[in-house]
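# Overview (structure and organization)
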Amino acid sequence: MVDVIETDVLVIGGGAAGANAALKAAGKGARVTLVVKGLLGKSGCSIFASHLPYHDISTPQKSRDRLRYSVRYYNHYLTDQDYCVRMGAYMRTEFFPELESLGVYWRRDDEGQVKAVTSRTPALVAHKQGASGIIIMERRRRQVLGAGISVFEECAATSLLQSGQRVVGATVFDYRRGRLFGISAKSTVIATGHSDYLAARATGTREQSADGIAMALRAGADLANLEIQWWHISDVLEPKSWMRYHFYPNPLVGTEETSRIYNSEGEMFFEQKSHNPTSSAPYVEQIRRLALQVAAGKARWDGGYYSGYDHIPSDIINTYQHQAKIWKKLGLDVGKDRLECGITLHMRQGGILVDTERMETSLPGLFAAGGIASHYLGGVGPVSYDGKIAGEAAAEMARAGGRHDLPREAIAAEERRVFGFLRAEGGGVRPVEAKLKIREIMWELGYVKNETKLLAALDGLLAVRAEMVPRFQLQSTSRSWNTGWMDALDVCAMLDACEATLRSALARKESRGPFYREDYPFVDNEEWLCKNIVRCERGEWTSRTERYELTHLTPERNREPFFEADY
Amino acid sequence: MNHSSRPTTRPDTIRARIYRFDPETDQQPRYDTFEVPRRPLMRILDVLDYVHETLAVDIGYRWLCTSKKCGSCAVNVNGSPALACWDEALPEMTIEPLSNLTVIRDLVTSRDDYEKTLASISPQLVRKEPYQSFPEPITARDFAATVHLRECIQCLACQSVCPVAAQPESGFAGPAVLVALSELAQDPRDGADRARIAGETANVFKCVSCYECERVCPSEIPIVSEAIEPLKRLAFRHTDAAGARRARAFLGEVKRQGQVNGAFVALRTKGLDLGAVRLGTRLLRRRKIDPFSLLRSLLGRRRAADAMRHTYESVEDKP
């Protein structure tokens with residue numbers, strides 16, 4: 001029988017959302033346990049944060065611009081607009097001051113003025129554009145480690161434990177030592193992020209295998225808008241591991257110019273400044289323009305087009321852009337050379353359905369904060385807001401409620417499942433082969449989707465599940481950092497999350513934002529300005545929709561051709 | 001227009017010899033060799049990924065970002081630290097875990113000792129004055145001295161090659177911890193007694209300025225000159241740490257008589273006790289110290305020393 005640890009609040013995930021949830025729950029007096037699959041503040045996608053929107057509401061126009069950015073360009077109206085207003089106020093009045101009080105140095109000039117991204121919607125950088133996440137998360141890491149929170153690093157939650165519907169804790173796999181243990185919690189916050197390594201080219205990293213989505217799905221939670229997945233296009237092609245290096249198409253620090261993207265014939269086909277001037281998050285427009293280039297044979301999804309800053313003075317790029325270092329490393333000149341790019345699956349807009357007042361999910365006792373939730377795209381600032389709300393609400397629930405018994409049978413079943421993979425004999429399939437297969441299926445599906453392709457991808461996933469998983473065979477039965485064992489567990493999570501994503505994509509019969517179905521090439525605000533919700537209970541998939549309330553902003557047109565929309 | 005793809009004259013196969021060790025089952029480490037087809041601009045991590053993914057070998061390795069942000073993938077390549085995601089793959093590579101750290105499995109090492117040491121130096125900003133409001137009145141000039149220190153990603157490459165940190169009994173915190181400490185110590189907002197922490201907790205004077213840390217830093221941080229030396233100066237001025245006493249005695253000796261007398265430096269560093277008397281007697285017997293020079297220096301007001309003192313005074317006047 002596995003060991004069980006008792007805590008008041010369990011937080012799963014060590015990025016900006018999880019760290020803040022843990023801190024704020026501890027600040028309310030709760031005993032907090034934080035479980036991180038990678039290393040606190042070093043794994044996940046928070047360290048990738050480039051620059052952080054400063055929600056300037058000093059004039060009605062600025063206020064409108066900022067809300068428009070959040071609602072229209074960042075979330076394509078698939079968000080709670082009142083939440084956006086509250087979150088903006090939090091960032092302005094709490095987030096920047098709190099991090100500055102911790103010592104984060106928001107870049108200044110010699111006179112002490114904050115050196116911001118000066119677009120219609122300004123943003124701030126810590127140290128450099130592209131380095132903000134590292135700086136912020138290192139301070140957060142030290143803050144959490146100094147706050148008396150019990151932290152388990154390199155430990156992956158594998159299942160949510162339930163008493164009836166209520167979530168009462170989780171099982172956790174410590175892969176450094178190869179042991180499984182249970183955590184009994186009065187309330188649980190899940191914060192495992194929105195950037196998963198689910199396609200052959202993706203921003204998500206080793207540990208990001210959509211575990212949070214998979215666990216919530218298996219527990220019967222409602223999931224919304226999983227199909228709304230951002231692809232980035234200005235990401236390095238080679239070396240392959242550098243696909244996570246991204247040349248920001250957004251407004252930059254220190255210049256009015258923005259990066260440019262060129263096709264294989266050297267024609268510039270995208271720059272935010274001229275092609276998407278009202279949006280400072282031009283990602284969805286960028287990929288539409290690439291799609292046209294690919295259709296014209298002037299670019300491929302994996303190469304044949306180029307990006308760079310060669311039209312901008314190098315000293316500005318070297319001073320303010322973290323990415324400038326890669327030119328130097330490759331012996332290239334940022335003032336002259338362009339780098340070949342490919343697209344990457346970047347992040348998921350949707351996730352676990354939450355109410356945005358307390359970040360409660362459809363399962364009692366379970367809160368979801370940050371990118372894993374479905375209400376907002378993400379970003380270090382917004383997810384910190386979620387962490388605060390969820391952490392405080394979880395602490396309140398822990399104080400008010402009692403402890404539920406852990407479901408012993410479910411723990412034993414999870415132990416059988418996890419240790420069932422620890423075998424060096426069997427069908428001869430290495431788990432990593434299944435991992436690559438899933439990523440290949442999702443890459444092939446790619447940006448341009450239709451029903452036939454979606455069904456084919458679903459068949460592919462079901463085949464991996466039926467034919468590869470039962471034949472898993474590891475190279476060793478060692479319990480210490482057994483890579484194959486970790487791969488096996490990752491594959492299970494990836495299969496569940498990808499299947500839910502495809503079913504969700506089949507249900508949404510329109511195109512919107514980063515989601516493009518060539519069989520429904522219209523933004524359909526009449527039918528589809530809604531949460532697209534899926535759930536799976538005992539193998540039965542159900543789906544439903546819920547309309548968003550448009551409390552502040554409404555799209556001008558009910559229906560417009562996808563390639564004509566600017567959001 | 002210039003593009004990054006250039007014709008390559010390098011061999012099209014990489015031979016990677018990878019350290020394998022599982023503390024659960026192995027008595028001794030072994031090396032497995034893999035042939036990996038070269039891809040353009042390939043990094044060390046791309047080679048490891050190929051072995052894990054395409055060759056389906058369960059090597060233990062750690063990475064979390066592939067973009068020189070998390071600092072978790074540093075390994076030794078041909079005997080010297082490299083950041084796997086950052087440094088180019090070589091045609092012949094022996095890839096091993098970083099030195100002087102406990103191996104968890106194959107290339108994965110434990111960061112626990114570093115974290116424990118980091119925690120001992122109060123790694124959070126301790127404000128002199130309570131924080132007021134955003135944005136606080138600071139300028140880029142206040143942070144100019146630490147601009148390179150902010151590039152640190154805690155990859156522990158420096159820590160692994162430091163000959164002093166390799167000896168835990170030295171009590172030396174190691175270069176990575178000192179970079180973090182120095183950033184705080186040079187932060188105009190910080191009010192903690194960083195001098196004491198540097199001198200007594202982190203034992204900054206144990207640094208022998210061998211520059212190994214700088215040599216291997218993937219972020220090219222001038223660790224000795226911009227992190228460690230400012231800490232030594234701080235501790236020298238404001239603490240009574242043994243290293244500070246030694247430096248002061250050294251300086252005083254040169255100032256007084258234009259040369260260093262080892263016996264005085266030792267006396268002023270460690271004080272006079274039975275051990276010092278024994279050591280002094282032994283050194284006298286072996287003629288390692290010259291009693292007449294001791295006398296001379298006690299009485300000494302030689303011209304050379306006067307000249308040296310003038311030099312000192314002219315330097316000390318400067319800010």
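Values in this document were obtained by computation on a predicted structure and should not be read as measured data.

### Describing the overall build of chain A
Helix and strand content of chain A: 14 helices and 22 strands. Its C-alpha atoms give chain A a radius of gyration of 23 Å, within 12% of the compact-globule value 24 Å for 567 residues. Projected onto its principal axes, the C-alpha coordinates of chain A cover approximately 65 × 50 × 50 Å. The 567 residues of chain A split such that 68% are buried. Long-range contacts, defined as pairs at least 24 residues apart, comprise 73% of the intrachain contacts of chain A with a sequence gap of at least 6. Averaging the coordinates of the 72 positive side-chain charges in chain A and doing the same for the 71 negative ones gives two points 3 Å apart.

### Some words on the pattern of salt bridges
On inspection of all chains with the given rule, the structure shows 80 salt bridges over all chains. Residue Glu556 of chain A is joined to Arg72 of chain A by a salt bridge in which the shortest nitrogen-to-oxygen separation is 3.1 Å. Pair noted here: Glu556 of chain A is in the loop between strand S21 (540-547) and strand S22 (559-561) and Arg72 of chain A is in helix H2 (residues 60-74), with a separation of 484 residues, a long-range link. Given the relative accessible area of 6%, Arg72 of chain A is considered buried. Of the charged contacts in the structure, one is a salt bridge between Arg105 of chain B and Asp22 of chain B, with a shortest N-O distance of 3.8 Å. Pair noted here: Arg105 of chain B is in strand S7 (residues 103-105) and Asp22 of chain B is in the loop between strand S2 (13-20) and strand S3 (30-37), with a separation of 83 residues, a long-range link. Comparing Arg105 of chain B with Asp22 of chain B, the two get one shared label, buried. Several salt bridges share partner residues, and in doing so they unite Arg20, Asp22, Arg30, Asp32, Asp58, Arg105 and Asp106 of chain B into one network.

### As for the sheet that holds strand S9 (residues 223-224) of chain A
Neighbouring strands of a sheet are bound in pairs by backbone hydrogen bonds; such pairs are parallel or else antiparallel. All names here are of chain A. Here we have four strands laid out as an open sheet, ordered S15-S9-S20-S21, and antiparallel in their pairing. Each having just a single partner strand, strand S15 (351-352) and S21 make up the two edges of the open sheet. Packed onto the sheet, helix H14 (residues 483-507) meets strand S20 (530-537) and S21 and runs at close to 135° relative to S20.

### Quick notes on the packing of aromatic side chains
All names here are of chain A. All told, the structure shown has 33 aromatic pairs over all chains when counted by the stated rule. Note on Phe96 and Trp106: the rings are 4.9 Å apart at their centroids and 70° apart in plane angle, and the pair reads as edge-to-face. On the criterion of sequence distance, the pair formed by Phe96 in helix H3 (residues 81-102) and Trp106 in the loop between H3 and strand S4 (123-124) is long-range, its members being ten residues apart. Look at Phe96 and you get buried, because its relative accessible area is 0%. Taken together, a centroid distance of 5.1 Å and an interplanar angle of 5° make the contact between Tyr516 and Phe562 stacked.

### Description of the interface of chain A and chain B
Each side of the interface is counted separately: chain A has 78 residues, and chain B has 69 residues. With both sides pooled, the region where chain A packs onto chain B buries about 6400 Å², and carbon together with sulfur makes up 52% of that total. In terms of surface lost to chain B, no three residues of chain A exceed Lys42, Tyr105 and Arg142 of chain A, which account for 11% of the buried area on that side. Inspection of the region where chain A meets chain B yields ten salt bridges. In this structure, the salt-bridge partner of Lys329 of chain A is Asp87 of chain B, at a minimum N-O distance of 2.6 Å. Run the count over chain A and chain B and you get 42 residue pairs in polar contact (both at pLDDT 80 or more). Of all the secondary structure elements, the ones that give two or more residues to the side of chain A that touches chain B are H3, helix H4 (132-145), helix H9 (324-329), strand S14 (337-348), helix H12 (431-445) and H14 of chain A.

### Observations regarding the sheet that holds strand S6 (residues 92-96) of chain B
All names here are of chain B. Read from one edge of the open sheet, five strands run S3-S2-S6-S4-S5, paired in mixed fashion. Edge positions in the sheet fall to S3 and strand S5 (80-83), since each has one partner strand and no second. Pairs of neighbouring strands in the sheet enclose a mean axial angle of 35°, with direction left out of account. Where S2 and S3 come together, eight bridges link them in antiparallel fashion. Within S3, the residue paired with Arg15 across the bridge is Glu35.

### A closer look at the packing of helix H5 (residues 211-218) of chain A against H14 of chain A
Residue and element names in this part refer to chain A. Packing of H5 against H14 leaves a shortest axis separation of 8 Å and a crossing angle of 70°. Relative to H14, the element H5 lies roughly perpendicular. Counting all contacts with H5, which are made through Asp211, Ile213, Ala214, Leu217 and Arg218, the residues of H14 involved are Asp490, Cys492, Ala493, Asp496, Ala497 and Ala500. By residue class, the composition of the contact of H5 with H14 is seven nonpolar, no polar and four charged.

### Let's talk about the pairing of S5 of chain B
Residues and elements named next belong to chain B. Across four bridges, strand S4 (residues 74-77) lies against S5 in antiparallel orientation. Paired with Ala74 across the two strands is Leu83, which belongs to S5. Joining the antiparallel neighbours S4 and S5 is a turn of two residues, in which Asn78 adopts a positive phi near 45°.

### As for the domain arrangement of chain B
The domain architecture assigned to chain B consists of domain 1 (13-109), domain 2 (112-238) and domain 3 (242-315). Taking only C-alpha atoms, the centre of domain 2 of chain B and the centre of domain 3 of chain B are 31 Å apart.

### Here we look at the environment of Glu98 of chain A
Residues and elements named next belong to chain A. Locating Glu98 in the fold gives a position in helix H3. According to the relative accessible area criterion, Glu98 is buried, its value standing at 16%. Once the C-alpha coordinates of Glu98 and Val168 are considered, the two residues, 70 residues apart in sequence, prove to be 31 Å apart. Once residues within four sequence positions are removed from consideration, Glu98 is found in contact with Asn20, Lys24, Tyr90, Arg140 and Gln143. Within polar-contact distance, the side chain of Glu98 engages the side chain of Arg140 at 3.2 Å.

### Things to note about the environment of Val418 of chain A
Residues and elements named next belong to chain A. Counting through the fold element by element, Val418 comes out in helix H11 (residues 408-420). Note on Val418: relative accessible area 0%, which makes it buried. With 105 residues separating them along the chain, Val418 and Val523 place their C-alpha atoms 43 Å apart. Aside from chain neighbours lying at most four places away, what touches Val418 is Thr158, Phe173, Leu180, Trp485 and Leu489.

### Considering the environment of Glu396 of chain A
Residue and element names in this part refer to chain A. Tracing the backbone shows Glu396 in helix H10 (residues 380-400). Overall, Glu396 belongs to the partly exposed group, its relative accessible area being 41%. Separated by 384 residues in the primary sequence, Glu396 and Ile12 have C-alpha atoms spaced 18 Å apart.

### So, the side chain of Thr171 of chain A
Residue and element names in this part refer to chain A. Topologically, Thr171 is positioned in strand S7 (residues 166-174). Residue Thr171 is classed as buried on the basis of its relative accessible area, which comes to 0%. Polar contacts involving the side chain of Thr171 include one to the side chain of Thr158, which spans 2.6 Å. If sequence neighbours within four positions are ignored, Thr171 has contacts with Ala156, Ala157, Thr158, Ser159, Leu161, Leu180, Phe181, Gly182, Ile411 and Glu414.

### Let's talk about the pairing of S4 of chain B
Two faces, one strand: in a regular strand the side chains alternate between the faces of the sheet. All names here are of chain B. The alternating pattern of S4 places Ala74 and Asn76 on one face and Val75 and Val77 on the opposite face, and all of these are buried. Judged from the two bridges that link them, S4 and S6 form a sheet pairing that is antiparallel. Paired with Asn76 across the two strands is Glu96, which belongs to S6.

### With respect to a positive patch on the surface
A cluster of basic side chains, namely Arg282, Arg285, Arg286 and Lys288 of chain B, defines a positive patch on the protein surface. By the element assignment, Lys288 of chain B lies in the loop between helix H10 (274-285) and helix H11 (291-299).

### Focus: the domain arrangement of chain A
All names here are of chain A. Here chain A is partitioned into domain 1 (3-50 + 130-229 + 347-407), domain 2 (231-346) and domain 3 (409-564). A straight line from the C-alpha centre of domain 2 to that of domain 3 covers 29 Å. The interface of domain 2 with domain 3 comprises nine residues on the first partner and ten residues on the second. Summing both partners gives a buried area of about 920 Å² for domain 2 against domain 3, and 77% of it is carried by carbon and sulfur. Seen at the junction of domain 2 and domain 3, the total is zero salt bridges. The interface formed by domain 2 and domain 3 includes one residue pair in polar contact (both at pLDDT 80 or more). A per-element tally of the side of domain 2 that touches domain 3 places helix H7 (residues 283-295) first, with five residues. Broken down by class, the residue content of the side of domain 2 that touches domain 3 amounts to seven nonpolar, no polar and two charged.

Cut-offs applied
- Residues numbered from 1 in each chain as written.
- Chains lettered and ligands numbered in written order.
- Predicted model: local features only at pLDDT ≥ 70, side-chain atom pairs only at ≥ 80, totals over all residues.
- Heavy atoms only, no water.
- Helix = DSSP H or I, 4+ residues; strand = E, 2+ residues; numbered from the N terminus.
- Rg over C-alpha atoms; globule rule 2.2 N^0.38 Å.
- Buried < 20%, exposed > 50% of the residue type's maximum accessible area, 1.4 Å probe, protein only.
- Contact = heavy atoms within 4.5 Å.
- Lys, Arg positive; Asp, Glu negative; His and termini not counted.
- Charge placed at Lys NZ, Arg CZ, Asp CG, Glu CD.
- Salt bridge = Lys/Arg side-chain N within 4 Å of Asp/Glu carboxyl O.
- Pairing = 2+ DSSP bridges.
- Axes fitted to C-alpha atoms, helices over the stretch in contact; angles between N-to-C directions.
- Phe/Tyr/Trp six-rings, centres within 6.5 Å; stacked < 30°, edge-to-face > 60°.
- Buried area = accessible area lost by both parts, 1.4 Å probe.
- Polar contact = N/O pair within 3.5 Å; in protein donor to acceptor, adjacent residues only side chain to side chain.
- Parallel < 35°, antiparallel > 145°, perpendicular 65-115°, else oblique.
- Nonpolar A, V, L, I, M, F, W, Y, C, P; charged D, E, K, R; others polar.
- Domains from an automatic or database assignment.
- Patch = residues over 30% accessible without salt bridge, like charges linked within 9 Å, V, L, I, M, F, W, Y side chains within 5 Å.
- Areas by Shrake-Rupley, 256 points an atom, 1.4 Å probe, with all protein chains shown as cover.

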